[in-house]
Amino acid sequence: MPMLNDRIKPSKWGIIVKIIKDLKNGTSHSVDFLLSNNVEETLSKKGIKIRKLISPILKRVYLTQTKYKLIKEKDTMKLSKGNKIFVTNHRQADDIVLGANAIKNNSYVLFGNPDLTLETTNGLGLWANGIILLNRDNKENRKASYNKMKYVLENGGNIWLFPEGYWNLDDNGLSDERHGSDDHNSENWLIQDINIGSLKLAQETGVPIVPTIMHYDEVNGRKCYSKRGKDFYIGKDDDLFKKKDELLEIMNTMYYELMEKYSTYKRADLEKEKTLKEQWEELKQELIRACDIPSINYKLDLQNEKLIGKAKVANPVVTNEEAFKHIDELEPNHKTAFLKSKRLSGRR
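Throughout what follows, the structure given in this document is the object of discussion. Along each chain, residues carry numbers from 1 onward, in the same order as the chain's sequence is written. It should be noted that, the model being predicted, local features are given only for residues of pLDDT at least 70 and side-chain atom pairs only at 80 or more, the latter also being counted only at that level, while totals for whole chains, interfaces and linings use all residues. Remark: hydrogens and water are excluded; side-chain values derive from all non-hydrogen atoms of the structure.

**Digging into helix α8 (residues 197–205)**
Next, step 1: Within α8 the residues assigned to the buried category are S198, L199, L201, A202 and Q203.
Next, step 2: Of the surrounding elements, those touching the buried residues of α8 are β2 (85–88), α7 (139–154), β5 (159–161), β6 (209–217) and α9 (240–262).
Next, step 3: Segments assigned H or I by DSSP are reported as helices when at least four residues long, segments assigned E as strands when at least two residues long, and all are numbered from the N terminus. Looking one or two residues beyond α8, the residue adopting positive phi is G206, at roughly 75°. Only protein chains enter the accessibility calculation, which uses a 1.4 Å probe; a residue is then buried when its area is under 20% of its type maximum, exposed when over 50%, and partly exposed in between. In this analysis, two residues are considered to be in contact whenever any of their non-hydrogen atoms come within 4.5 Å of each other.

The structure is reproduced here in structure tokens:
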């Protein structure tokens, strides 16, 4: 196990002792170094290569850690050679163990919950797979995590992201005033609005994005259907927000196709005992409770998860149309005509 990361400072025996202690206590404190902002303390070329070798074994183990049966669609076309940025939708904790199999290629996953990583044994499994652990509340760590992703891609590895940023379960009907966000948290959306970071990473590195969808179905047993899309490239001069909308449309279409193929039911057949709303609320609470960590009194808070925000929230972008909307609403007359001049206003 220790050889997976050959840049860890403590001695190998010291690490083994810490891992044994973790297994006894149900924690993963032995990999807390993953929060370091120093790329070389958390990643190595050797570690990237070794993880690719052990990945087939790990993925089989992961499938024993879920109640869901994974059914993978065959790829309609082969992906290009080289490394990839895999992006998947996000609904529940099983996304990790099932997603690792759905994307097929070993990939370092960006994971933004240190509690679920370090206070359970999940962290050891994530470390074995390859993880970039993110402290979302720390600006420097967010920047370091981006540099870590670039390091992995530049050294032959793959990256795996959940661009929605939080579970697609809740619809609170509220806006996030703290981050200046509109209300984009609706359980009725197949895919939530996605973070611009994955597209920025693809644009800067030239590595294609591969959208992958997981569709869960709890009718007549628990199943998860998955489908990989084709390479999605971002050009150096492409508008990231336009490409984001294009990628989002692709992911929504893929999701709908899986639903249409595998989950077409009659409402009357599904509501023989309870309404769909009642069943959904029960399932939602079950999925949330699955993340409880009694030892530190941790409970997953979907509202807190929403505060991750999107790139457009963390780094607000004002469009040309928004900036000059007030001018468009002015009634034209001899006193206001000059305001509509592009030369004077700087309007593009």
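**Things to note about the nonpolar core**
Next, step 1: The biggest cluster of nonpolar side chains holds 42 residues, and the ones touching the most others in it are L98, I131 and W167.
Next, step 2: The dominant element in this core, judged by the number of residues it contributes, is helix α4 (residues 95–102), at five residues.
Next, step 3: W167 has contacts with H90, R91, Q92, A93, L287, I288, C291, L300 and L302, leaving out every residue within four places of it along the chain.
Next, step 4: Formed by 33 residues, the second largest nonpolar core is a distinct cluster that contains L201, L240, Y255 and L258. Only buried Ala, Val, Leu, Ile, Met, Phe, Trp, Tyr and Cys residues count toward a nonpolar core, and they belong to the same one when joined by side-chain atoms within 4.5 Å.

**Points about the layout of surface pockets**
To locate leftover empty space, one rolls a probe as large as a water molecule over the atoms.
Next, step 1: Volume-wise, the second largest pocket comes out at about 1300 Å³.
Next, step 2: Throughout, the protein atoms alone are placed on a 1 Å grid, and a set of points is a cavity if a 1.4 Å probe fits but cannot get out or a pocket if it is open with protein on both sides within 12 Å along at least five of seven lines; lining residues have an atom within 4 Å of a point. Forming the walls of the second largest pocket are 32 residues, and the residues nearest its centre are R91, E218, L270, L276 and W280.
Next, step 3: Looking at the lining of the second largest pocket, the elements that each hand over two or more residues are β6, α9, α10 (267–270) and α11 (276–289).
Next, step 4: The biggest single contributor to the lining of the second largest pocket is α11, with seven residues. Grid points are joined across faces, edges and corners, and a volume is the space filled by probe spheres set on the points.

**Remarks on the pattern of salt bridges**
Next, step 1: Salt bridges are defined as contacts in which a side-chain nitrogen from Lys or Arg sits within 4 Å of a carboxyl oxygen from Asp or Glu. Throughout the structure, instances matching the rule amount to 15 salt bridges.
Next, step 2: In this structure, the salt-bridge partner of K244 is D193, at a minimum N-O distance of 3.0 Å. On the criterion of sequence distance, the pair formed by K244 in helix α9 and D193 in the loop between β5 and α8 is long-range, its members being 51 residues apart.
Next, step 3: By relative accessible area, which is 9% here, D193 ends up buried.
Next, step 4: A salt bridge links E257 to K227; its shortest N-O distance comes to 2.6 Å. Of this pair, E257 sits in helix α9 while K227 sits in strand β7 (residues 223–228), placing them 30 residues apart in sequence.
Next, step 5: You can call E257 partly exposed: its relative accessible area is 35%.
Next, step 6: Within this structure, D75, K104 and R228 form a network of salt bridges that share partners.

**Points about the side chain of T88**
Next, step 1: Structurally, the position occupied by T88 is in strand β2.
Next, step 2: Judged by its relative accessible area of 0%, T88 is buried.
Next, step 3: A polar atom in the side chain of T88 sits 3.0 Å from the side chain of W160.
Next, step 4: Those residues in contact with T88 that sit more than four places away from it in its chain are I103, W160, L161, F162, P163, T212, M214 and M251. Polar contacts, as counted here, are pairs of nitrogen or oxygen atoms within 3.5 Å of one another; within protein the pair requires one atom able to donate a hydrogen and one able to accept it, and residues that are adjacent in sequence qualify only if both atoms are side-chain atoms.

**Overview of the packing of α8 against α9**
Next, step 1: Angles here are taken between N-to-C directions and fall from 0 to 180 degrees, while the axes themselves are lines fitted to C-alpha atoms, restricted in helices to the stretch in contact. Between α8 and α9, the shortest axis-to-axis distance is 10 Å and the interhelical angle comes to 115°. In this structure, α8 meets α9 at a crossing whose hand is right-handed. Residue-level inspection shows L199, K200 and Q203 of α8 in contact with α9, the latter providing L240, K243, K244 and L247.
Next, step 2: Considering only residue class, the contact of α8 with α9 consists of three nonpolar, one polar and three charged. Each helix crossing is assigned a hand: it is left-handed if the near helix lies turned anticlockwise from the far helix by less than a right angle, otherwise right-handed if that turn is clockwise. By the convention adopted, Pro, Cys, Tyr, Trp, Phe, Met, Ile, Leu, Val and Ala count as nonpolar, Lys, Arg, Asp and Glu as charged, and the other residues, Gly among them, as polar.

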